[in-house]
Amino acid sequence: MTAHTAEDPLALEQQVCFAVVVAARSVVALYKPVLEPMGLTHPQYLVMLALWQDTPQTASRLSQTLALDPGTLSPLLKRLEAAGLVARERDTRDERQLAVRLTERGTALRTEAEKVPAAIAARLGMDPTELATLRDDLTRVIVAAQD
């Protein structure tokens, strides 16, 4: 068995992929108790964020915005529709497209959701500037990985 040191390029703790995966799982887990009272899962919250930013949107545009394949997005939209937060209908400009819009209830939920970022920052013990820097760094990683 080989002894692993900090200089070992294959040491688990040296791997960016490991740090990103563990951080992602850990951060998403922090959202669960914050979102549960709103009746949302983390993936549903992301859909709602996209729709609070711009509604209506086509399902294909939502899929692109959220970097989700349509097969993953479709059940999320069905559950959000069953909860009365979104409505899905054929786009009047292009019948081939499915338009997704917020309902009154979905729009009203935004007020409650405005508390989520501060709650997550508090749970992480990080100030908004630190979180913005982290987000910007991760966005650069995402862009670089997609090139």
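Residues numbered from 1 in each chain as written. Predicted model: local features only at pLDDT ≥ 70, side-chain atom pairs only at ≥ 80, totals over all residues. Heavy atoms only, no water.

A. Seen up close, the nonpolar core. Among the nonpolar cores identified, the biggest contains 25 residues, and Leu40, Tyr45, Met48, Val86 and Val116 are the most heavily contacted of them. Among the elements that make up this core, the one with the highest residue count is helix H2 (residues 42–53) (6 residues). Setting aside anything within four residues of it in sequence, one finds Val86 in contact with Met48, Leu51, Leu77, Leu80, Glu81, Val100, Arg101, Leu102 and Thr103. (Core = buried A, V, L, I, M, F, W, Y, C linked by side-chain atoms within 4.5 Å. Buried < 20%, exposed > 50% of the residue type's maximum accessible area, 1.4 Å probe, protein only. Helix = DSSP H or I, 4+ residues; strand = E, 2+ residues; numbered from the N terminus. Contact = heavy atoms within 4.5 Å.)

B. Region of interest: the pairing of strand S3 (residues 98–102). Where strand S1 (residues 57–58) meets S3, 2 bridges bridge the pair, whose relative direction is antiparallel. Residue pairing across strands places Thr58 opposite Ala99, the latter belonging to S3. Examined bridge by bridge, strand S2 (residues 86–90) and S3 share 5 bridges and lie antiparallel to one another. Following the sheet pairing, Glu89 is matched in S3 by Ala99. (Pairing = 2+ DSSP bridges.)

C. Fine view of unusual backbone geometry. Residue Pro56 is reached from Thr55 by a cis peptide bond, and omega for that bond is -5°. Along the chain, Pro56 falls in the loop between H2 and S1. Phi at Ala67 takes a positive value of approximately 55°, unusual for a residue other than glycine. Summarising the element assignment, Ala67 is placed in the loop between helix H3 (59–66) and helix H4 (70–82).

D. Inspection of H2 at higher detail. Relative to the 16 Å expected for 12 residues at 1.5 Å per residue, H2 spans 17 Å between its end C-alpha atoms, a close match to the ideal helical length. Regarding H2, the residues found buried are His42, Gln44, Tyr45, Val47, Met48, Ala50, Leu51 and Trp52. (Expected span 1.5 Å × (residues − 1).)

E. How the structure looks around the pattern of salt bridges. Applying the stated rule across the entire model yields 6 salt bridges. The partner of Arg88 in a salt bridge is Glu81, with the nearest N and O atoms 2.9 Å apart. One salt bridge connects Arg110 with Glu114, and the closest N-O pair in it is separated by 2.7 Å. On the accessibility criterion, Arg110 (38% relative accessible area) is partly exposed. (Salt bridge = Lys/Arg side-chain N within 4 Å of Asp/Glu carboxyl O.)

F. Main features of the environment of Met38. Tracing the backbone through its elements, the reader meets Met38 in the loop between helix H1 (16–35) and H2. When the C-alpha positions of Met38 and Arg110 are compared, they lie 10.0 Å apart, and in sequence the two are 72 residues distant. Residue contacts for Met38: discarding those within four places in its chain leaves Leu109, Glu112, Ala113 and Val116.

G. Looking closely at the environment of Ala119. Among the secondary structure elements, Ala119 is positioned in helix H6 (residues 116–124). The class for Ala119 is partly exposed, based on a relative accessible area of 25%. Considered as a pair, Ala119 and Ser60 are 59 residues apart in the sequence and their alpha carbons are 31 Å apart.

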